[in-house]
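# Residue-level structure breakdown
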Amino acid sequence: MPASSVPQPDPVPHPRRRTVLAGAAVVAASASVLPAAGRAAAVRRPARTQPHRWRTAAIGGTGFVTGILFHPAVRGLAYARTDIGGAYRWDGQRSRWTPLTDHLGWDDWNLLGVEAMAVDPAHPDRLYLALGTYAQPWASPGAVLRSEDRGATWARADLTVRLGANEDGRGCGERLLVDPRDSETLWLGTRHDGLLRSTDRGATWTADASFPATPSATGQGVTVLVAAGRTVYAGWGDGPTALYRTDSSGGWEAVPGQPSGGAATRVPVRAAYDAGGRTLYVTYADGPGPNNQSDGSVHRLDTVKGTWTDVTPVAPGAGDAFGYGGVAVDAARPGTVVVSTNNRWSAVDTVFRSTDGGSTWASLKDTAVLDVSETPYLEWGGQPKFGWWIQAVAVDPYDSRHVLYGTGATVFGTRDLVHWAPEIRGLEESAVRQLIAPPSGARLLSGLGDIGVMYHDSLTASPSRGMASNPVFGTATGLALAALKPSYVVRTGWPSGSDSAGAYSRDGGASWQPFAAQPEIAPSAPGPVAVSADGSVLLWSFVHWDGTKYAAHRSTDGGATWAEVTTFPKGGTPVADPLDPGRFYVYDTDTGTVFRSTDQGATFTAGATGLPSGDVQFRIAAAPGRSGDLWLSAKDNGLLRSTDGGRTFAPVAGCQASHALGFGRAAPAKGRGGYPAVFQTGRVSATYDGVAVLRSDDAGATWVRINDDAHRWGWTGEVITGDPRVHGRVYLGTNGRGIQYADPH
């Protein structure tokens, strides 16, 4: 399928929520985006709370599912892990995934990525998760969670090493294993710190000094751990030896006769043991993936005889470069095995199946009938795709024809090896950038990482229109609605399949047309956009993925022509006044100055100065139904408010931190003229001594916490908004757990 149909890695490095952070400039930028990680405060003051019922708006996946694991001893029980969105448990009776890590809070944002997971075949209720999104020096160390009730409750062990669930190699594994000889012993493979061992079921961890491979600060380290009978095998991603196993003395040895000497066997990606055939299958690639693989192979080890056999279904070659990824065996049928290709962009990735131990293979893609009607966005504006980034496959041990595989966007499943559909209910992994709750029409409009803009006609079903098309975007960078003409909506984002980086809608976002023209810089640096209250003026700011800022442009004819606005601070986020079509505002985060326009954005002059500066995520929001009523969220510098159109700002008393802020319908008791409900993610110590989701019905005089300790979702500092039609309803954007919404009980 051509690249135009899927918002996936492009030749030009566009920003993606799963992009591995590397390089000083990117690390510095990322450090300003997310809070310093660490343990949450152990003691909290009594909180002023209002119970809410929290739910996740249905889209269906949208992110990389890096691991799928059926429990070998319990029918219908499986687990999934993701790179930035936590872990899930599959309920076979309900055909639905249940999130298991939503309790992780603001200070623990780096633990929402799941590096590895493990179950104990002898103890069906035990589950272990190795958490840590980034292994970079600026990230916090990882942690291991252990559960005795399938993830309903957890005990936690903090590590001294970092894990990398959103870095290269995140589809390898599993890197966590319960020792087949002793349920008290666990093994954890790390990227840069060797092999760790626990002898108290994950409560404490120490390095295994007998493991022979030497860790590297830049390597992959241990890529996979698997039990074959009573022997533990460990894959090593940094050479020269790729595979080790435990020996009779309690130490480790290189596996004799293992394939070596070429790119096709450089990195062991996954492994699966066929107990009936006493054979071990290993998939290899020339890199850890999910990107940048061009060679790979599949090999089978007879663990009794010690002989190796190359059982590669199709050898990568010129014009068809790829690696191999997932592998799983059928517990009920010895010799039946499935493997996946990965990074196969020309011929498109597939899942191969063999019933004779790898002697012959059938490509399941070639006979697949895909039904994505439950998640229409998977049509990608064209035709559905069998998959990409397939590094996780699983075969149900109680149903040989129930096969699952994860992709960069969903989990596909089959019950007959022919008909495939997403088995994704309950698993939501969007990184949310923008949210608008219109006064009529759609329940919600969302701008998302990787998959553009969605029109939510329902919150309980995936948007029926799929991704906004004409044009298709990857990551959305701007979404705005004309307050006095809400049928007019504009969006901007990274182009996918065309050069069009902006579009408008005259029916509230139901359908779209690209701007007739756009500034030359638009395709390579699309930034946020604003539209005047009456829809007559567009202001478009431009920021490259590396942070370089460019001059904003203005259009007075719906995008047919554009002119540079020289007095607009480069890279700023424009905000339209919701009542006065002539007014726009922008916060220059470089200088701590609010700039104002009273001539429809043609020119800007300085208003308030001396405000907090130095962070691009400081932002202003305009209160609906009022002119010149601005709120400034300045992270740990608190919350400020202006009632004179940005000329002056005053702190909102009692608010120690504000990260994202939005508005909703006023409380009924306040009458039609009441002040809109104000929602924020922030810290008000009189309410709750920590970052929380808060609401005020009295213009910030008092606040109530509306989330709870079971619903925290890591970092939630990007976007929040209320509903103009329903008082108390709130929509919250997360960085990997989709759109959360709630109503008061």
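Residues numbered from 1 in each chain as written. Predicted model: local features only at pLDDT ≥ 70, side-chain atom pairs only at ≥ 80, totals over all residues. Heavy atoms only, no water.

## A short note on the nonpolar core
Counted only if it meets this: Residues enter a nonpolar core if they are buried and are Ala, Val, Leu, Ile, Met, Phe, Trp, Tyr or Cys, with the set joined through side-chain atoms within 4.5 Å. When a residue's accessible area, from a 1.4 Å probe over protein chains only, is under 20% of the maximum for its type it is buried; when over 50% it is exposed; and in between it is partly exposed. A run of DSSP states H or I qualifies as a helix once it reaches four residues; a run of E qualifies as a strand once it reaches two. Both are numbered from the N-terminal end.
Of all hydrophobic cores here, the largest spans 37 residues; its most connected members are Val351, Tyr377, Trp380 and Tyr405. Counting only elements with at least two residues in this core, the list comes to strand 27 (392–395), strand 28 (403–406), strand 31 (432–436), strand 32 (444–448) and strand 56 (739–744).

## Comments concerning the environment of Arg175
Our working definition: Contact criterion: two residues are considered in contact whenever any of their non-hydrogen atoms come within 4.5 Å of each other. Two N or O atoms count as a polar contact when they lie within 3.5 Å, although within protein this holds only if one can serve as hydrogen donor and the other as acceptor, and sequence-adjacent residues are included solely when both atoms are side-chain atoms.
With respect to the element layout, Arg175 can be found in the loop between strand 9 (155–158) and strand 10 (176–178). The exposure class assigned to Arg175 is buried, which follows from its relative accessible area of 0%. A C-alpha to C-alpha distance of 25 Å links Arg175 and Pro334, two positions 159 residues apart in sequence. Sequence-distant contacts of Arg175, defined by excluding residues within four places in its chain, comprise Glu115, Ala116, Gly169, Trp187, Leu188, Gly189, Arg191, Gln220, Val222, Thr223 and Leu225. Of the polar contacts made by the side chain of Arg175, one reaches the backbone oxygen of Gln220; its length is 3.2 Å.

## Quick look at the side chain of Thr223
Following the sequence through the fold, Thr223 ends up in strand 14 (residues 222–228). Leaving out residues up to four positions away in the same chain, Thr223 has contacts with Cys172, Gly173, Arg175, Gly235, Trp236, Gly237, Val267, Pro268 and Val269.

## Some thoughts on the pattern of salt bridges
Defined as follows: Take a side-chain nitrogen of Lys or Arg and a carboxyl oxygen of Asp or Glu: if they are within 4 Å of each other, that pair is a salt bridge.
Summed over all chains, the structure comprises 30 salt bridges. Between Arg191 and Glu115 there is a salt bridge, with the nearest N and O atoms lying 2.7 Å from each other. Residue Arg191 is located in the loop between strand 11 (186–189) and strand 12 (195–198), and its partner Glu115 is located in strand 6 (residues 114–120); the two are separated by 76 residues in the primary sequence. We note a salt bridge from Arg641 to Asp629, for which the minimum N-O separation is 3.0 Å. Pair noted here: Arg641 is in strand 48 (residues 639–642) and Asp629 is in the loop between strand 46 (619–622) and strand 47 (630–633), with a separation of 12 residues, a long-range link.

## Re the sheet that holds strand 1 (residues 52–56)
Selection rule: Pairing between strands requires that DSSP locate at least two bridges from one strand to the other. Structural elements are reduced to axes, namely lines fitted to C-alpha atoms, with helices fitted over the stretch in contact, and the angle between N-to-C directions of any two is expressed from 0 to 180 degrees.
With antiparallel pairing, 4 strands are arranged side by side in an open sheet as 1-56-55-54. The open sheet has two edge strands with one neighbour each: strand 1 and strand 54 (720–722). Recorded for the sheet is a direction-independent mean angle of 20 degrees between the axes of neighbouring strands. Sheet topology note: the strand 1/strand 56 ladder contains 5 bridges and is antiparallel. In the strand pairing of strand 56, Trp54 is matched with Ala742.

## Examining the environment of Asn343
Within the fold, Asn343 resides in the loop between strand 23 (337–342) and strand 24 (351–354). The exposure class assigned to Asn343 is buried, which follows from its relative accessible area of 10%. Look past the residues within four positions of Asn343 in its chain and what remains in contact with it is Pro290, Asn291, Asn292, Gln293, Ala321, Phe322 and Asp349. A polar side-chain atom of Asn343 sits 2.8 Å from the main-chain carbonyl oxygen of Gln293.

## Notes on the sheet that holds strand 45 (residues 605–606)
Remark on secondary structure: sheet strands pair via backbone hydrogen bonds, oriented parallel or antiparallel. Strands sit in the order 42-43-44-45 across an open sheet of 4 strands; the sheet is antiparallel. What marks the edges here is a single partner per strand, and that holds for strand 42 (574–576) and strand 45.

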